[in-house]
Amino acid sequence: MNKNEAARAVHSAFYRIVRTAAAPMNLTKFFDAKIEDTWPDDNSPSGWRDFWWESVAVEIQSAAAARREYILGFGRKWLKQNKARKWSAVLDHMRENLVPLS
């Protein structure tokens, strides 16, 4: 997956899970924003403290899997630990850790 494909995959994966009243940010603004600044204000469902983190991570991994690829070391924990970084950090991580599913 090239960088443009990865960007579209991450962007659309995020917005398949997080639906906001405002229109989604365009790709440039999205990848220039910090992860935590795009996160929903809504509370997670009762009993599932990491719902948003887990759901977004799974959707991003699913987007990679749809292209028969897997992002090593990426999930809820990675997103939470890197929430102060820009979304572009996800693309950097993917570039270094995307492996084919065989």
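The rules behind these values
Residues numbered from 1 in each chain as written. Predicted model: local features only at pLDDT ≥ 70, side-chain atom pairs only at ≥ 80, totals over all residues. Heavy atoms only, no water. Helix = DSSP H or I, 4+ residues; strand = E, 2+ residues; numbered from the N terminus. Contact = heavy atoms within 4.5 Å. Patch = residues over 30% accessible without salt bridge, like charges linked within 9 Å, V, L, I, M, F, W, Y side chains within 5 Å. Areas by Shrake-Rupley, 256 points an atom, 1.4 Å probe, with all protein chains shown as cover. Salt bridge = Lys/Arg side-chain N within 4 Å of Asp/Glu carboxyl O. Buried < 20%, exposed > 50% of the residue type's maximum accessible area, 1.4 Å probe, protein only. Axes fitted to C-alpha atoms, helices over the stretch in contact; angles between N-to-C directions. Parallel < 35°, antiparallel > 145°, perpendicular 65-115°, else oblique. Left-handed = near helix turned anticlockwise from the far one by under 90°. Phe/Tyr/Trp six-rings, centres within 6.5 Å; stacked < 30°, edge-to-face > 60°.

Inspection of the secondary structure assignment puts Leu98 in strand E2 (residues 98-100). Each C-alpha atom of the pair Leu98 and Met1 lies 8.4 Å from the other, and the pair is 97 residues apart in sequence. Aside from chain neighbours lying at most four places away, what touches Leu98 is Met1, Ala64, Glu69, Tyr70 and Ile71.

As a further point, take a nonpolar patch on the surface. A surface patch of nonpolar side chains, about 260 Å² in accessible area, is lined by Tyr70, Leu72 and Leu101. Turning to its location among the elements, Tyr70 is positioned in strand E1 (residues 69-71). On the basis of relative accessible area, Tyr70 is assigned to the partly exposed category, the value being 37%.

With phi around 60 degrees, Arg68 is a residue other than glycine that occupies positive phi space. Within the element layout of this structure, Arg68 appears in the loop between helix H4 (51-65) and E1.

Another aspect to go through is the packing of helix H1 (residues 3-17) against H4. Two elements in contact, H1 and H4, have axes whose closest approach is 9 Å; the angle formed by their N-to-C orientations is 140 degrees. Accordingly, the angle class assigned to the pair H1 and H4 is oblique. In terms of crossing hand, the pair formed by H1 and H4 is right-handed. Residues Ala9, Val10, Ala13, Phe14, Arg16 and Ile17 of H1 touch H4, and the partners they reach there are Trp52, Ser55, Val56, Glu59, Ile60 and Ala63.

What characterises a pair of aromatic rings is the spacing of the ring centres plus the angle enclosed by the ring planes. Following the criterion strictly, the structure yields eleven aromatic pairs and no others. Residues Phe14 and Trp39 carry aromatic rings whose centres are separated by 6.0 Å and whose planes lie at 45 degrees to one another, so their mutual orientation is tilted. Separated by 25 residues along the polypeptide, Phe14 in helix H1 and Trp39 in the loop between helix H3 (35-38) and H4 bring together distant segments of the chain. Ring centres of Trp39 and Trp53 lie 4.0 Å apart, and the angle between their planes is 20 degrees; this geometry places the pair in the stacked category. Taken together, the residues span a long stretch of sequence, with Trp39 in the loop between H3 and H4 and Trp53 in helix H4 at a distance of 14 residues. The pair Trp39 / Trp53 is uniform in exposure class, with both members buried. Every member of this aromatic cluster is reached through a ring pair, and the members are Phe14, Tyr15, Phe30, Phe31, Trp39, Trp53 and Trp87.

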